[in-house]
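One-letter residues, chain by chain:
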Amino acid sequence: MKLAEKLTAQTFIKGFRTLKEEGLAAFYKKLKSRLRPAIDYHRWQEENGPSKEELDRQRNATWDTMPLFSIIVPLYRTPEKYLREMIESVIRQTYSNWELCLSDGSGIREGEEGDLANIVKEYQRSFQNIHYIRSARSLQIPDNSNQALSLASGDYLIFLDHDDTLSEDALYEIARAAEGGAELLYSDEDKLDIRTGKYFMPHFKPDFNIDLLRSVNYICHLCIIKKELADKIGDFLPEMNGAQDYDYILRAVEQTDHIVHIPKVLYHWRAHENSTAENPESKRYAFEAGRRALLAHYQRLELPAVPEDGISPGIYRTRYQWGREPLVSVLIPNKDHVEDLDKCLQSLRRSSYQNIEIIIIENNSENAGTFAYYKKLEEMSTRVKIVTWKSEGGFHYSAINNFGAGFARGEYLLLLNNDIEFIGTETLREMMGFAMREEVGAVGARLYFADNTIQHAGVVIGFGGIAGHTFVNQKREDLGYFARAMCQQDYSAVTAACMLTRAEDFRSVGGLNMKLSVAFNDIDYCMKLREQGKLIVYNPYAEAYHYESKSRGAEDTPEKVLRFHKEILIFGERWKEILLKGDPYYNPNLTLERADFSLKTKKERLRPEGYYMELVRKEVEKETANYGRDSNYSKL
């Protein structure tokens, strides 16, 4: 093993020990101090963009079928430089079966200054597949786009803004991705600086994420719609001017499940001072139109949801108004630490959602004061029930919660650590809003350390080699990568430190995995829900402090360290496919070694499949040889 690889392996193993012995805060502080700075996007492009040889190969590729792509472009007084760059980016495509449909809604007569017709005619002399139509009056984008649509005869429609450009391999990659029968496709994108001509701010997106789409039009560019689906959707709506593309995409996803994300930068969005890409306040009307488009979407689906402005322009917050409040059974494991438990219960009492029962699962407490506190709680409220879980085998989070769930009467279960303190009064109501949708399996909250840095904002499978929280240790006010820390959205998992789930779903998947006593049982639970087609939702407007698992104690013995590593292997074997393929709610171009959605390094991209799991496997073998034979956990 090379020295660099050995150091990486040692860092990985030490990191896991820090995680279990000192907690998440210490782990991420050490991780942040050791990892390299974020990679430069220009260098990333050089390492990842298609080579000249690859582009030549694409031009010479043979196809069984070659769908015709109709590229829809509404022109409006487009500067000549930008118009030429846009057209030439289409002409340079490595895939040849396209038509360019240009609608000029400038309202400028032929021969007048600013007339675009002569520029277009120049290109039409060499390319018969460039079509052009003009209007005698000035058109807004919806009508202008509809006029361009009237020129289209292709199998797929591709939407391109008049001053943006396509990557040279865009149509080739779309044609490849469409071969499986996709009806809606979208790609990653970046910005094109008008001053320097350099690309910056790449947006690497997740696979289809309905709740993220309801928070922000993350699909945006490049968007591709199959013609049959477009016929069902109909025209762009004039009343949605400024957000006509958002409305169009929302109507599209209502009509199809055949949605494909292409994790490649195929679109370059020109950024200048009057564009929403660089100055969002310049188009306030567009964001208001987006809110109306989202409201119309909810009304068509008959969801009792009201969108509001979110944390920044173009970000929306959805509130649900169900009209009923089902009983929620709050499950709180507890071992002593009465002060923490009392703080947790006081925050529950302040909640605006009060149809709850509280089940405290007593877990081998040793202090007499703890039991006196329990007695006082039960005397004060009939909503509080103390149940006793006894075990000589030590802390077992899955067994404790499964035991407590057996006493629950509620339609919903709130799994809650005793060191959680709700912020404000709306946290549980915010979680219930999403949980009451039939397709949602679990809902998680935005959790903070005591110092107001982020402890949990969703979980990505693969972080740190296995699974980890997003945006850990970032400041509470930080929005995160493309505001994802503050967007309601779907993830593969959320932490059970504060997780709301339907009791029926909990029982249908067998509760928490008894093979995972401490680590990854909540992630495993979410994955089981996803196997049943359920969504896992993160709601950043459900906020709480998490004072970090004080009642469990440190993972400071050889037995506990060995158990933790063995639970990694259990989880890794059970969910091997997603660990190898990657989390669909993340992006394969982003790193798994940091929690900030920064770019993946070349070294990381070249690592073999199963790299991290193999490191852990070797560590388990070493630990077992050293002390595992005499350990209670050697039987695992």
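Residues numbered from 1 in each chain as written. Predicted model: local features only at pLDDT ≥ 70, side-chain atom pairs only at ≥ 80, totals over all residues. Heavy atoms only, no water.

S.K.: I keep staring at the overall build of the protein chain and nothing clicks. Help me out?
M.R.: From N to C terminus, the protein chain includes 22 helices and 23 strands. When the 636 residues of the protein chain are sorted by exposure, 57% land in the buried category. Summarising the internal contacts of the protein chain: among those between residues at least 6 apart in sequence, 78% fall at separations of at least 24. Total accessible area on the protein chain is roughly 27,100 Å²; 49% of this is exposed by carbon and sulfur atoms. (Helix = DSSP H or I, 4+ residues; strand = E, 2+ residues; numbered from the N terminus. Buried < 20%, exposed > 50% of the residue type's maximum accessible area, 1.4 Å probe, protein only. Contact = heavy atoms within 4.5 Å. Areas by Shrake-Rupley, 256 points an atom, 1.4 Å probe, with all protein chains shown as cover.)

S.K.: What exactly am I supposed to notice about the nonpolar core here?
M.R.: General note: in soluble globular proteins, nonpolar side chains tend to be found buried as a group. Counting 148 residues, the largest nonpolar core has Ile225, Leu414, Leu416 and Leu500 as the members making the most contacts within it. With 7 residues, strand β23 (residues 535-546) is the single largest residue contributor to this core. Apart from residues no more than four positions distant in its own chain, Leu414 is found in contact with Val328, Ser329, Val330, Leu331, Phe422, Leu428, Met431, Cys498, Met499 and Leu500. (Core = buried A, V, L, I, M, F, W, Y, C linked by side-chain atoms within 4.5 Å.)

S.K.: Any chance you could explain helix α18 (residues 521-531) here in plain terms?
M.R.: Counting buried positions over the 11 residues of α18 gives 9, a clear majority of the element. Turning to α18, its buried residues number three or more, namely Asn521, Asp522, Ile523, Asp524, Tyr525, Cys526, Met527, Lys528 and Leu529. The positive-phi residue at the C-terminal boundary of α18 is Gly533, with phi of around 85°.

S.K.: Help me understand the packing of aromatic side chains, please; the structure alone is not making it clear to me.
M.R.: In this description, a pair of aromatic rings is defined by centroid distance and the angle of the planes. For the structure shown, the criterion picks out 31 aromatic pairs. For the ring pair Tyr320 and Trp322, a centre distance of 5.9 Å and an interplane angle of 10° mean the geometry is stacked. Between Phe463 and Tyr586 the ring centres are 5.1 Å apart and the planes differ by 90°, which places this aromatic pair in the edge-to-face class. With Phe463 in the loop between β19 (459-461) and β20 (467-469) and Tyr586 in the loop between α20 (576-581) and α21 (602-605), this pair connects stretches of sequence that are 123 residues apart. The exposure classification of Phe463 matches that of Tyr586, with both residues buried. Counting every residue linked through ring pairs, the aromatic cluster contains Phe463, Phe471, Tyr481, Phe482, Tyr586 and Phe597. Sitting over the ring of Tyr547, Lys343 keeps its end group 4.9 Å from the ring centre. The ring of Tyr448 is capped by Arg476, whose NZ or CZ atom sits 4.5 Å from the centre of that ring. (Phe/Tyr/Trp six-rings, centres within 6.5 Å; stacked < 30°, edge-to-face > 60°. Lys NZ or Arg CZ within 6 Å of the ring centre and 35° of its normal.)

S.K.: Whenever I open this one, the pattern of salt bridges confuses me. Can you help?
M.R.: Where side chains of opposite charge bring their charged atoms close, a pairing between them can arise. Applying the stated criterion across every chain, the model contains 43 salt bridges. We note a salt bridge from Arg319 to Glu430, for which the minimum N-O separation is 3.5 Å. Separated by 111 residues along the polypeptide, Arg319 in strand β11 (residues 316-320) and Glu430 in helix α16 (residues 427-435) bring together distant segments of the chain. Since its relative accessible area comes to 30%, Arg319 is described here as partly exposed. Arg409 serves as the salt-bridge partner of Glu357, at 3.1 Å between the closest nitrogen and oxygen. With Glu357 in strand β13 (residues 356-363) and Arg409 in the loop between α15 (397-405) and β15 (412-416), this residue pair connects regions lying 52 residues apart in the sequence. With a relative accessible area of 61%, Arg409 lands in the exposed category. (Salt bridge = Lys/Arg side-chain N within 4 Å of Asp/Glu carboxyl O.)

S.K.: Quick question: what am I supposed to make of the pairing of strand β1 (residues 69-75) here?
M.R.: Remark: a regular strand shows side chains that alternate across the two faces of the sheet. β1 sits mainly inside the fold: 7 of its 7 residues count as buried. The alternating pattern of β1 places Phe69, Ile71, Val73 and Leu75 on one face and Ser70, Ile72 and Pro74 on the opposite face, and all of these are buried. The pairing of β1 with strand β4 (residues 156-159) spans 4 bridges and is classified as parallel. Bridging from a neighbouring strand, Ile72 pairs with Phe159 of β4. In this sheet, strand β2 (residues 98-104) lies alongside β1 in parallel orientation, the contact comprising 7 bridges. Across the sheet, residue Leu75 finds its bridge partner in β2, namely Asp104. Handedness of the crossover joining β1 and β2 through helix α5 (residues 80-91) is recorded here as right-handed. (Pairing = 2+ DSSP bridges. Right-handed = clockwise from strand over helix to strand, strands pointing away.)

S.K.: Mind showing me how you'd approach the packing of α5 against helix α6 (residues 117-124) here?
M.R.: Angle between the axes and distance between the axes: these two values describe a pair of packed helices. Viewed as axis vectors pointing N to C, α5 and α6 meet at an angle of 25°, and their least axial separation amounts to 11 Å. Considering their axes alone, α5 and α6 lie roughly parallel with respect to each other. Of the two possible hands of crossing, α5 and α6 adopt the one that is right-handed. Where α5 abuts α6, its residues Glu80, Leu83, Arg84, Ile87, Glu88 and Ile91 lie against Ile119, Glu122 and Tyr123. A breakdown of the residues in the contact of α5 with α6 according to their chemical character gives 5 nonpolar, no polar and 4 charged. (Axes fitted to C-alpha atoms, helices over the stretch in contact; angles between N-to-C directions. Parallel < 35°, antiparallel > 145°, perpendicular 65-115°, else oblique. Left-handed = near helix turned anticlockwise from the far one by under 90°. Nonpolar A, V, L, I, M, F, W, Y, C, P; charged D, E, K, R; others polar.)

S.K.: Quick question: what am I supposed to make of unusual backbone geometry here?
M.R.: The phi torsion of most residues other than glycine is negative, and most of the peptide bonds are trans. With an omega of -5°, the peptide bond running from His221 to Leu222 counts as cis. With respect to the helices and strands, Leu222 occurs in the loop between α9 (210-213) and β8 (223-226). The phi angle at Glu302 is positive, at roughly 55°, despite the residue not being glycine. Within the secondary structure layout, Glu302 lies in the loop between α12 (284-301) and β10 (305-309). A positive phi angle, near 65°, is found at Phe597, a position not held by glycine. Position of Phe597 among the secondary structure elements: in the loop between α20 and α21.

S.K.: It is not clear to me how the pairing of β23 should be interpreted in this structure. Could you clarify?
M.R.: Judged by how many residues are buried, β23 sits mostly within the fold: 11 of 12 residues are covered. Bridging between strand β16 (residues 420-422) and β23 involves 3 bridges; their strand directions are antiparallel. By the bridge assignment for β23, Ile420 is matched with His546. Sheet topology places strand β17 (residues 440-448) next to β23; 8 bridges connect them, and they run parallel. Bridging from a neighbouring strand, Gly444 pairs with Tyr538 of β23. The pairing of strand β21 (residues 489-491) with β23 spans 3 bridges and is antiparallel. Bridge pairing links Tyr491 to Ile536 in β23.

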